[in-house]
Amino acid sequence: MNISQASMSSTTRFVLTMGAIYGALSLGCVLDDNNEPGEDNNPTTNNPTTNNPTTNNPTGGDCNQVLDASFEFGSDTTVCGNVTVTSNVRLQDSESLTILPGTTVTMCVDCYIEVGAFGNAATLRAVGTAEKPIVFKGSTEEAGFWDGIYFKGNATSNSTLEYVTIKDAGSDEAALYVDRAIALKHITIKDSASSGLEAIELDEDSIDLNVESVEKWAAVLTGAEAVTNLPVDGDLTRNIGEGSIRVDAANADGKVLRFKDAGIPYFIGTNIRLVADETMVVEAGVTLEMGVDMYIEIGAFGNAATLNVEGTSANPVVIEGATAEAGFWDGLYVKPTATGASSIDYLTVRHGGGSDSACVNIERDITIKNLSIEVCETAGFEVGDAGFGSGSEAISVSGVEGSSGIASWNGALTIPKGGDFTGNESDEIAISGGSADINGTLPSLGVPYVSNSHWRLTNDASITVEPGVEIAFGPDKYIEVGAFGNASTFVAVGSALEPIIFTGMDPSAGSWGGVYLNANVTSSTKLDYVQISYGGTASESNLEIRGVGEVTNCVLSNSAGYGIIIETSSTITADLSASNTFSGNAEGDINDKRD
């Protein structure tokens with residue numbers, strides 16, 4: 001053992017007596033000529049615990065250990081000072097290693113520390129302080145010189161890292177690998193040739209993670225608890241690799257998958273499919289960058305699941321493609337089994353539509369506010385019969401290569417106003433079909449509706465059409481009020497400035513069927529300031545009246561047959577020729593079959 005002189009000069013020398021030397025040996029410490037001026041070498045005052053090799057180091061030796069292939073770890077091994085590692089450290093069989101504050105651990109090339117090796121329990125406790133952090137570094141200070149520290153699944157819950165710096169690691173895998181819910185507190189990872197942290201689990205008390213100058217991902221998270229408990233109060237932004245956090249967690253593992261604003265994006269490398277009452281929460285300011293063809297599915301395989309997107313006006317949530325091109329990833333799917341507790345607020349979705357479906361697909365009536373859909377390869381959104389939930393508002397679609405949106409007839413009644421659906425390849429709401437069997441109002445959204453299916457009102461449905469609505473129908477399609485022998489009510493009341501328009505996609509006579517008012521429509525049915533044109537293939541008129549209904553201030557034009565046909569079953573008494581306008585109808589204006 002070498003004994004070095006401290007603070008030695010040409011004018012002053014200290015003489016170590018044999019007793020002093022013996023005392024130093026018995027304490028198992030070394031006087032280090034590298035100490036800073038005023039640094040205390042007393043092992044009692046400088047270390048939280050004494051460094052007696054008998055009580056703290058069962059294998060013997062002093063603070064400045066060399067951990068080589070022959071080093072035997074016990075159930076309570078403690079090291080401190082300057083520790084040199086010359087071969088892999090693999091803790092197993094209930095072995096425990098404690099590293100005291102202020103220790104520097106110098107690692108050999110391609111070496112690693114593995115806690116819980118060969119499926120056996122083991123513990124590593126490296127607890128420094130703000131003033132005396134613990135440092136793991138390579139014997140040559142270059143990125144990737146050594147491998148890293150690996151906490152395997154059998155590492156005990158007593159394991160912890162606190163005020164620890166890990167540098168020069170990442171020769172193969174991440175500099176720090178964690179497969180156990182251990183606490184990471186005040187951790188700095190720097191100069192890794194791979195990623196900084198890879199974790200399956202993290203303890204919920206983890207805080208202050210700092211990653212800088214790593215050449216791949218700041219962190220790789222492969223389990224929901226690692227995502228949820230990732231500490232984001234440190235700095236993860238100063239890296240030279242991907243500049244993001246990679247997430248390969250396919251579901252929430254039966255728990256909560258929570259994304260917090262880490263200051264850098266999360267790259268989603270696998271599909272997220274929430275099942276079995278799982279919950280996904282995305283906090284304000286988070287950006288999810290989706291890998292190619294990836295998607296997010298809430299309520300997969302018929303299971304209940306919840307999505308809460310918690311953006312704000314100042315810090316919206318963004319879900320976009322990792323490459324900024326339309327169709328790079330698939331989309332967001334809210335399935336029928338998603339819970340009603342799901343909600344979306346201030347979310348921007350970009351670059352989806354890669355699977356021929358819409359960028360955002362809604363099959364559950366959840367509340368959606370301030371949703372912006374941009375630059376998609378297909379339609380912006382698709383909503384089914386469940387519709388948008390109560391309180392939904394301000395949905396906008398721009399820059400998509402398909403329709404602004406797709407909706408069933410029932411779903412269309414729930415599309416919220418207050419957004420903008422223009423600036424797309426097809427500024428329209430495309431109707432996907434279905435009957436209208438609920439009460440509601442078809443909103444005027446500033447773009448037309450287009451339908452290649454019939455609009456059949458049934459089951460006592462009461463539908464109101466707002467002023468300014470325009471619907472264009474495909475060949476032979478029609479509006480039928482009171483379908484399948486069921487009563488229903490249809491109120492389409494426009495104005496002189498904002499008429500309601502029912503027409504064909506093809507502006508030619510007979511390009512669509514027209515409007516039927518069946519015998520079982522209610523007396524509340526009314527058409528006022530409605531323009532009906534280019535019908536007449538199915539009913540041989542633009543409007544066929546088989547029961548009651550008030551028709552005033554309407555324009556009926558360019559029918560392949562008549563403007564209006566009044567069937568023998570009708571009880572209407574008003575003079576329709578006096579209260580409406582007709583032009584260009586091939587067979588005439590009105591055919592009253594009761595005459």
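These figures come from a predicted structure and were not determined experimentally. (Residues numbered from 1 in each chain as written. Predicted model: local features only at pLDDT ≥ 70, side-chain atom pairs only at ≥ 80, totals over all residues. Heavy atoms only, no water.)

How should the state of the cysteines be read in this particular structure?
Chemically, a disulfide is nothing more than a covalent bond linking the sulfur atoms of two cysteines. Summed over the entire model, instances satisfying the criterion amount to three disulfides. The residue that forms a disulfide with Cys63 is Cys80, at a sulfur-sulfur distance of 1.6 Å. Across the S-S bond linking Cys63 and Cys80, the dihedral sits near -80°, which makes this disulfide left-handed. In this pair, Cys63 is assigned in the loop between α2 (43-46) and β1 (64-67) and Cys80 in strand β2 (residues 77-85), connecting sequence segments 17 residues apart. Taking the relative accessible area as the measure of exposure, Cys63 reaches 9% and is therefore buried. By relative accessible area, Cys80 is classed as buried at 3%. Bridging Cys359 to Cys376, the disulfide has an S-S length of 1.9 Å. In this pair, Cys359 is assigned in the loop between β26 (343-350) and β27 (360-362) and Cys376 in the loop between β28 (367-374) and β29 (381-383), connecting sequence segments 17 residues apart. Taken individually, Cys359 and Cys376 each receive the classification buried, so the pair is uniform in this respect. (Disulfide = S-S within 2.5 Å. Helix = DSSP H or I, 4+ residues; strand = E, 2+ residues; numbered from the N terminus. Buried < 20%, exposed > 50% of the residue type's maximum accessible area, 1.4 Å probe, protein only.)

Help me out: how do you make sense of the pairing of strand β10 (residues 160-167) in this one?
Of all eight residues that make up β10, six are buried, and the element is covered over most of its length. Here strand β8 (residues 134-138) runs beside β10; their pairing, made up of three bridges, is parallel. For Ile134, the partnering residue across the bridge sits in β10 and is Val164. Examined bridge by bridge, β10 and strand β12 (residues 183-190) share seven bridges and lie parallel to one another. In the strand pairing of β12, Lys167 is matched with Lys190. (Pairing = 2+ DSSP bridges.)

What is the right way to read the sheet that holds strand β33 (residues 440-442) from this model?
Neighbouring strands of a sheet are bound in pairs by backbone hydrogen bonds; such pairs are parallel or else antiparallel. With respect to topology, five strands assemble into an open sheet ordered β33-β36-β39-β42-β45, the strand pairing being parallel. Strands with a single pairing partner mark the edges of an open sheet, and in this sheet they are β33 and β45 (550-552). Taking each pair of neighbouring strands and ignoring which way they run, the sheet shows an average axis angle of 15°. (Axes fitted to C-alpha atoms, helices over the stretch in contact; angles between N-to-C directions.)

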